[in-house]
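Descriptive analysis of the structure
Read off the chains here:
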Amino acid sequence: MKKEEFYRISGMENGHRIESRILEERIQKAVADGYRYIEVEAFGQHGIGGRLWRAGEEKVYVRIIGSPGQRVGSMGFPNTRIEIMGPASDDTGWLNAGAEIIVHGHATNGTANAMAQGKIYIAGSIGARGMTMTKHNPRFAPPELWVLGGAGDYFAEFMAGGVAVICGYQPQNPENVLGYRPCVGMVGGKIFFRGPHKGYSHADVKLEPLTDADWDWLTENLQVFLAAIGRTELFGTLADRTRWQLLVARSPQEKRTQAKRSMRDFNQEVWVRELGRGGLLGDLTYLDLSPIPVITTGDLRRFVPVWENRRYLAPCEASCPTGIPVQERWRLIREGRVDEAVDLVLAYTPFPATVCGYLCPNLCMQGCTRQLAKLVPPDIKRLGKASLKARLPELPPLSGRRVAIVGGGPAGISAAWQLRQRGHEAVIYDMQERLGGKLSAVIPKSRIPEEVLNAELERVEKVIPRVYLQQRLSRADLEQLKADYDYVVVAVGAQKPRLLPVEGKERIIPAADFLRESKQDRARVGKRVVVIGAGNVGCDVAAEAHRMGAEDITLIHYRRPPAFGEEKKAAEAAGAKFLWPHSVRAVTEKGVELTTGEVLPADTVIMATGHEPELDFLPESVSTRGGFITVNEFYQTTDPQLFAVGDAVKLGFLTDAIGAGRKAAQAIDALLRGRQPQETVRPKIDYSRIKLAYFDPRVSGFSDLERCAAECASCGTCRDCGICVSVCPQAAISRKENESGGFEMVVDPNRCIGCGFCAGACPCGIWNLVENEPLE
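Treat the numbers as computed from the prediction; the structure is a model and nothing was measured.

**Here we look at a nonpolar patch on the surface**
On the surface, M263, F266, W271 and V272 cluster together into a nonpolar patch covering about 400 Å² of accessible area. Mapped onto the elements, V272 comes out in helix α5 (residues 263-275). A relative accessible area of 33% means that V272 is categorised as partly exposed.

Set out below in C-alpha cells:
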C-alpha cells in the first residue's frame, strides 16, 4: 500500500482528544464514502476497526499509528485487515468475527478473547488470559492466534476451538512460554508452542506428537505470519521441528475415565482433618460437623417460606383515600356472597353509589396491579352502582356521647356516619338549603343521576336524623357547641372563590355560583364563554355552559391544564377549546384580555381557579396556615375539642374528604372511650410479588360483577387456589382449617427444602422466602 492511498483520521481535534464513539462514527463514514485505505492516529480510543460492514465484501485496510485503546478490531468483519504499528492494549480482537489483525509489538491482557474467526498476529508477547473462551463454527475456518514471544497467565482458559501458535522467540519469561496455569477448562482446539513450560492443566489437555500434516501446516503458515510482522529472517531459527510441541484438548470420554476423589474421602482426609476435633475450628465450636444432605430441611435450610396472608394492603385498598377493602369485596363475590360484598362498603362510606359508582376517578383501579401488565382492572364503578341497594347495618344503641358536625357535605356526613356506627350521636349543622354539600349543590346533574344521590341522602337521614339546615354559625355559636357537645367536627368545605386581582374582576362569575345556578337550570350564559382555569371544575363549568346554550367555549390556564378523567371528556365533547400557557390581564366588556395583548371575545366570563374556606367563625385557639385549618395526623386541631376535615383542611377528591371524616371519627371514638388514637397502617404489598401470568391478557372488559371478581388478583390475600400445595416438590405444604372457620397454609419444616417454588408460583404474593434464623 502506498502512503498517499490512505485516508487519514486523527483522534485529536483542536488540541483535544475526541471520544471513542465520535472516532468510530468518522471511520464508519469514511468506509461508507468509499475509502478502503484508512490511517487512524489513535490517542487511547477504544474499538478501532471493528464492525466495518458498510464495505460489503470489499477489503478494508486500517492502519493504526499512535496509542490505540482497548478492543482494537472487536467484532471485526472478514473483509477487514487492521495493522497496529506498535503495541496494543487489552482485548485486541475481542469477539473477532473474521478480521486479520497485525500487532507490531506486544499486546496486553485478553488478546483474542472469545474470538470466533479471523487471524491475529502478534510481533511480541501477550498478557494474561489470551485466547480464552474462543470457539469454532465448523462452517468457517478456525480462529488463529500467532504470538512471536510468549503467553501470559491463564492462557487458553475455557478455549473451545481454534489454533494458537506460541513461537517462544525472546519471550518475556524465557523459562515459561505458556505462563501460569494454562489451558484450564479447555475443551477444544490446538496449541502449538516452542520452548519450555512449567505445566498445564493435565485434566483438560494432553501432549501429542506432531504429525507430518501438523508440521506442514505449521511451517506453511509460519512463513505467512513472519511476513505479516516483517520478520521473515526468523524462519530458519523457528523452523526446527524438534523444539515444537502440541497440546490438544482431552475428549469428554477421556475426562470421564479420570479418577475423582469421593466426597467421603474428601470429608475424612481434608475436612475433618483440617476443621474437625484437633483441627482449625475444633476448639471453637461444638456444632455437629458431620456431613449434611446436599438438599437440607429443618434448621439447616438457608431460606424458609412464610405465609404472609393479609399482612400487606392490596394496591387498590392502599390507593383508596377512603380505605375501602376493594379486593375483599371481590373475594366475597367470588364466593357467591354478592349481598355481603355490596353491604360491606357502608362500613366505610355513606356514598358508595354516588362516589364510587359515578364521581370518583377510581384511584383503586389506577393503582391496580393488573395495570402493570396492561390488563384491564376489575370495574369498581359497576360494583359502586350496585351498592345503591346496600342494606343499612344494624346500629348500636346510643352511648350518650354527642358530637356536633359543622358542615353537611361529604366530609361532615362521613364523620357523622362513622360516629353513629360506633354508638355516638352525631348532629349536623349546615348553612345550605339541602344536605349534601357540593354533591347536592354544585356537581352537575349530567355526572350523577338525581335519583341515585337522593336515594343515598335518604339513607343518610335514616342514620343521622338530627340535621339542622340553613344554620350559618358565628364564633359565639361555635363556642356554645363546644359547651353542648363532647367534640365538634368542622367540615365547612371551601366555599369562598379565589378571584384574580385583575381589572374588571366584577364582571367575573365564580364557578361555584354558576354551577349552583345551573344545577337548578337557572344559569344564563351568552353564546361566547371564557372559563379562567382549566381544572376539573373548569371542565364542569364548560360542560354546563354548553348545556345552558353556549356555542363557543374556551378554557385558559397559566400552565398545562390539570383536568383529567370524565370531566375533561365532557368538556371536550361540548367542543371546548383549551388554551395554555396564558394569564389574564383584564376583563372588559369585549372579553378577556391576556398578558400577551390578545383579547378573547366573551359574553360571559367564569372563574374556576379554586376556592378556600371561610373560617372567621373559628375561635382563636384554632391555628390556620395559608387559609386552611391546621390539624394533626388524626385531624385534631390545636383546640383539642375541635376536629377539622375535608376541604377546610386541604383541597382534594371527594374520597379524600370521606376518608378524612372516617379517620377523625375513629380518633373521636377512641377518645370518648378513654384511649389515645392510634394509627395502624399496613404497608402496601410490593407489586413484584404478584403473578399476573395466570390471567388472560385478551380480556378487554367485564360483563358482570362475577367476571370482575374472577379477574381480581387478590393481592396480599390468599385465594385458596391450592397452587402452592400442588407445586411443592416435597409435599411440605398443607391446608389447615382453624377454629374461626378460616384456614391457613402450614409448612412441615422436616419436609421443606426452602426451594421457594411456593413463593414463585403464588398468584397473590402471599408466600415470602426469608432467610432462616442462624444456628446458635
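**Focus: the sheet that holds strand β26 (residues 599-601)**
Across the sheet, 3 strands lie side by side as β24-β25-β26; this open sheet has antiparallel pairing. Two strands bound the open sheet, and with one partner strand each, they are β24 (584-587) and β26. Taking each pair of neighbouring strands and ignoring which way they run, the sheet shows an average axis angle of 25°. As defined by bridge partners, β24 adjoins strand β25 (residues 591-594) across 3 bridges and the pair is classed as antiparallel. When the sheet's bridge partners are listed, V587 is paired in β25 with V592.

**Considerations on the pattern of salt bridges**
For the coordinates displayed, the defined rule picks out 53 salt bridges. Notably, a salt bridge pairs E544 with R547, separated by 2.9 Å at the nearest N-O pair. Taken together, the positions of E544 and R547, both in helix α17 (residues 536-547) and 3 residues apart, correspond to about one turn of that helix. Shared partners join several salt bridges into a network, and the residues in it are R310, E328, R331, E335, R337 and E340.

**What about the pairing of strand β15 (residues 402-406)?**
Most of β15 is tucked away: 4 of the 5 residues are buried. Across 5 bridges, the pairing between β15 and strand β16 (residues 425-429) is parallel. Residue pairing for β16: V403 is matched across the bridge by A426. Note on the crossover from β15 through helix α12 (residues 410-421) to β16: the handedness is right-handed. Strand direction decides the pairing type here: β15 and strand β18 (residues 487-490), joined by 4 bridges, are parallel. In the sheet register, V406 faces β18, and the bridge partner there is V490.

**Quick notes on the domain arrangement of the protein chain**
Structurally, the protein chain comprises domain 1 (7-256), domain 2 (315-391 + 686-711), domain 3 (402-494 + 613-672), domain 4 (496-612) and domain 5 (720-771). Inter-centroid distance (C-alpha atoms) of domain 1 to domain 5 is 56 Å.

**Focus: the environment of Y635**
Structurally, Y635 can be placed in the loop between β30 (628-629) and β31 (642-644). Remark: the alpha-carbon pair of Y635 and V490, spanning 145 residues in sequence, is separated by 10.0 Å.

**As for helix α16 (residues 511-519)**
For α16, the complete set of buried residues consists of A511, A512, F514, L515, S518 and K519. Here the buried residues of α16 occupy an arc of 160° about the axis, which is enough to place them on one side. Where α16 is buried, its residues contact α13 (438-441), α14 (450-463), β20 (508-510), α17, β27 (604-607) and β28 (611-612). Following α16 by one or two positions, D521 has its phi on the positive side, about 60°.

**Concerning the packing of aromatic side chains**
Under the criterion given, the structure shown has 13 aromatic pairs. Here the aromatic rings of Y154 and Y180 are separated by 5.7 Å at their centres, their planes lie at 85°, and the arrangement is edge-to-face. Of the two residues, Y154 is situated in the loop between β9 (144-147) and β10 (160-166) and Y180 in the loop between β10 and β11 (188-194); the sequence distance between them amounts to 26 residues. Taking the relative accessible area as the measure of exposure, Y154 reaches 23% and is therefore partly exposed.

**Side note on the nonpolar core**
Within soluble globular proteins, side chains that are nonpolar tend to cluster in buried spots. Counting 72 residues, the largest nonpolar core has W330, F351, V403, I405, V489 and I668 as its most contacted members. Broken down by element, this core gets its largest block of residues, 9 residues, from helix α19 (residues 654-672). Of the domains in this structure, domain 2 (315-391 + 686-711) and domain 3 (402-494 + 613-672) are the two that each give at least three residues to this core. Dropping the residues within four chain positions of it, I405 is found in contact with G412, A415, A416, L419, A426, V427, I428, Y429 and V489. Ranked by size, the runner-up nonpolar core spans 47 residues in total, among them V62, V72, I84 and Y200.

Conventions and cut-offs
Residues numbered from 1 in each chain as written. Predicted model: local features only at pLDDT ≥ 70, side-chain atom pairs only at ≥ 80, totals over all residues. Heavy atoms only, no water. Patch = residues over 30% accessible without salt bridge, like charges linked within 9 Å, V, L, I, M, F, W, Y side chains within 5 Å. Areas by Shrake-Rupley, 256 points an atom, 1.4 Å probe, with all protein chains shown as cover. Salt bridge = Lys/Arg side-chain N within 4 Å of Asp/Glu carboxyl O. Helix = DSSP H or I, 4+ residues; strand = E, 2+ residues; numbered from the N terminus. Buried < 20%, exposed > 50% of the residue type's maximum accessible area, 1.4 Å probe, protein only. Pairing = 2+ DSSP bridges. Axes fitted to C-alpha atoms, helices over the stretch in contact; angles between N-to-C directions. Right-handed = clockwise from strand over helix to strand, strands pointing away. Domains from an automatic or database assignment. Arc of directions from axis to C-beta. Contact = heavy atoms within 4.5 Å. Phe/Tyr/Trp six-rings, centres within 6.5 Å; stacked < 30°, edge-to-face > 60°. Core = buried A, V, L, I, M, F, W, Y, C linked by side-chain atoms within 4.5 Å.

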